[in-house]
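# Examination of the molecular architecture
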Amino acid sequence: MNLITADTVAKTIGYASSDAFLANRGRLEKELSFPPPLPTCQRPLKWRAEAVTAWFNSQGGMIEQGFDDPANDTWLMRKARTA
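Everything numeric in this text was worked out from a predicted model, so none of it was measured. (Residues numbered from 1 in each chain as written. Predicted model: local features only at pLDDT ≥ 70, side-chain atom pairs only at ≥ 80, totals over all residues. Heavy atoms only, no water.)

### Remarks on the overall build of the protein chain
- Secondary structure summary: the protein chain contains four helices and two strands in total.
- Ordered by position from the N terminus, the helices and strands of the protein chain form the series β-α-α-β-α-α.
- For the protein chain, buried positions account for 29% of its 83 residues.
- Within the protein chain, counting contacts between residues at least 6 apart in sequence, those at least 24 apart form 48% of the total.
- When the accessible area of the protein chain is evaluated, it comes to approximately 5500 Å², of which 54% is carbon and sulfur surface. (Helix = DSSP H or I, 4+ residues; strand = E, 2+ residues; numbered from the N terminus. Buried < 20%, exposed > 50% of the residue type's maximum accessible area, 1.4 Å probe, protein only. Contact = heavy atoms within 4.5 Å. Areas by Shrake-Rupley, 256 points an atom, 1.4 Å probe, with all protein chains shown as cover.)

### Points about the nonpolar core
- Core analysis: the biggest nonpolar cluster contains 16 residues, and V9, I13, F21, F34 and W47 have the highest contact counts within it.
- Among the elements of the structure, α1 (6-13), α2 (18-32) and α3 (49-58) are those that each provide at least two residues to this core.
- Ignoring anything within four residues of it in the chain, the contact list for F21 reads A6, V9, A10, I13, Y15, L28, F34 and W47. (Core = buried A, V, L, I, M, F, W, Y, C linked by side-chain atoms within 4.5 Å.)

### Examining α3
- Restricting attention to buried positions, one finds in α3 the residues A49, V52, W55 and F56. Projected down its long axis, α3 carries its buried residues within an arc of 135 degrees, all on one side. Residues N57 and S58 are exposed on α3 and point more than 90 degrees away from its buried face.
- Those residues of α3 hidden inside the fold are in contact with β1 (3-5), α1, α2 and β2 (46-48).
- Positive backbone phi, at 80 degrees, marks G60, one or two positions downstream of α3. (Arc of directions from axis to C-beta.)

### Some points on unusual backbone geometry
- Phi angles above zero are rare outside glycine, and S33 is one such case at about 55 degrees.
- Looking at where S33 falls in the secondary structure, it is placed in the loop between α2 and β2.
- A residue is classified by how much of its surface remains accessible, and S33, at 57% relative accessible area, is exposed.

### Thoughts on the pattern of salt bridges
- Scanning the model with the defined rule gives three salt bridges in all.
- Across the pair E29 and R25 runs a salt bridge, and its minimum N-O distance is 2.8 Å. Of this pair, E29 and R25 both sit in helix α2, four residues apart, roughly one helical turn.
- When its relative accessible area of 24% is taken as the criterion, E29 is described as partly exposed.
- Using a relative accessible area of 23% as the deciding quantity, one classes R25 as partly exposed.
- In this structure, R27 engages E31 in a salt bridge whose closest nitrogen and oxygen atoms are separated by 3.9 Å. Linking R27 with E31, this pair stays in helix α2, spanning four residues, or about one helical turn.
- Taking the relative accessible area as the measure of exposure, E31 reaches 55% and is therefore exposed. (Salt bridge = Lys/Arg side-chain N within 4 Å of Asp/Glu carboxyl O.)

### Structural notes on the environment of P36
- You can see P36 is positioned in the loop between α2 and β2.
- Residues within four places of P36 in sequence aside, it is in contact with E29 and W47.

Any functional reading would require information beyond the geometric quantities listed.
As structure tokens, this is what we get:
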């Protein structure tokens with residue numbers, strides 16, 4: 001089992017930083033069935049890489065990342081808002 005931290009999860013699913021991912025983690029879990037971290041009392045939180053990749057692929061390889069977050073306001077995001 002390959003375990004990854006929030007930093008790697010953020011990069012895998014397209015967030016600018018682990019802080020941005022962690023700020024949205026609850027919404028992703030609740031609204032989009034994002035896989036929760038493994039149950040452990042140790043930090044940092046860890047996820048199964050296979051579960052994160054499978055979830056990302058099931059979303060079509062892209063997710064809505066809060067268009068109001070300036071860190072995520074890329075050319076592609078601005079283009080998506082006008083489509």
